[in-house]
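For reference, the chains in residue letters:
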Amino acid sequence: TYRTCEIVAAFAQAARVRSDLFLVVLAGHSPDRESARLVKASYLRMVRTAAAGLEGRILIVDHALSPGQTFELMRASDIAVSIPLGDQRSSSVLESALAGCHIILSDIGPYQEMISDGLSADLLAEPVVKTLAQCLQIAAADEVSRRSNRQFILAHENGADKVAALDRMYRQLCLR
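This section reports on the structure supplied with the text.

For the rest of this paragraph, the subject is the pattern of salt bridges. By the definition in use, this model includes 6 salt bridges. Taking the shortest distance from any N to any O, the salt bridge between Arg-18 and Asp-20 comes out at 2.8 Å. Ionic pairing is found between Arg-48 and Asp-62, a salt bridge with its closest N-O pair at 4.0 Å. Here Asp-62 lies in the loop between β2 (58–61) and α3 (67–76) and Arg-48 lies in helix α2 (residues 34–50), a separation of 14 residues in the sequence. Owing to a relative accessible area of 40%, Arg-48 belongs among the partly exposed residues under this scheme.

Let us look at the packing of helix α4 (residues 91–99) against helix α7 (residues 143–156). Look at α4 against α7: their axes get within 7 Å of each other, and the N-to-C directions meet at 125°. As summarised for this structure, α4 and α7 are arranged oblique, according to the angle between their axes. Judged by the sense of rotation from one axis to the other, the crossing of α4 with α7 is left-handed. Residues Leu-94, Ala-97, Leu-98 and Ala-99 of α4 form the contact with α7, whose own contacting residues are Asn-149, Arg-150, Phe-152, Ile-153 and Leu-154. Residue classes in the contact of α4 with α7 are distributed as 7 nonpolar, 1 polar and 1 charged.

So, on to the environment of Val-93. Structurally, the position occupied by Val-93 is in helix α4. C-alpha separation for the pair Val-93 and Cys-5, spaced 88 residues apart in sequence, amounts to 19 Å. Excluding its chain neighbours within four sequence positions, the residues that come into contact with Val-93 are Ser-82, Ile-103, Leu-105, Tyr-111, Met-114 and Leu-119.

A few words on the pairing of β2. For a regular strand, the rule is simple: side chains alternate between the two faces of the sheet. The pairing of strand β1 (residues 23–26) with β2 spans 4 bridges and is classified as parallel. In the sheet register, Val-25 faces β2, and the bridge partner there is Ile-60. Remark: the β1/α2/β2 crossover connection has right-handed handedness.

Parameters at a glance
Residues numbered from 1 in each chain as written. Predicted model: local features only at pLDDT ≥ 70, side-chain atom pairs only at ≥ 80, totals over all residues. Heavy atoms only, no water. Salt bridge = Lys/Arg side-chain N within 4 Å of Asp/Glu carboxyl O. Helix = DSSP H or I, 4+ residues; strand = E, 2+ residues; numbered from the N terminus. Buried < 20%, exposed > 50% of the residue type's maximum accessible area, 1.4 Å probe, protein only. Axes fitted to C-alpha atoms, helices over the stretch in contact; angles between N-to-C directions. Parallel < 35°, antiparallel > 145°, perpendicular 65-115°, else oblique. Left-handed = near helix turned anticlockwise from the far one by under 90°. Contact = heavy atoms within 4.5 Å. Nonpolar A, V, L, I, M, F, W, Y, C, P; charged D, E, K, R; others polar. Pairing = 2+ DSSP bridges. Right-handed = clockwise from strand over helix to strand, strands pointing away.

See the structure below:
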């Protein structure tokens, strides 16, 4: 879903040019179903293979982090990458913006909408490995984007307001 192998491949290319890059990959939670756990384990093996030769430049966190731990990690990061083929208005992207990361996104509808609403981020064209590697070679967090994204999140992305809006929509649908 999130094309982690592609991110690692692009990072490997960019890391040859930028010695200051360090990648943290969050492997996430352990699925309940055995079949899903096997698929995840297989994909993580592919990620680790793609990361071969990057020892000391990449950390794969193979367990789930709490929301607070994840946000603290984002706050310590300069760049956040989210390049799925399809997604919704991603809460992790919004959290990265609030944390002050330079944001790199796949060029998909929901992310285009977020940028048109005021989010400061880079959109990547396909082929994503090539364009992400190029972007990582020059990407850096900057104070203007950090401030702009924090203001955007605080002004437009109140979680309670979003839940209330969804609740109103569901109630209207139920009345029909």
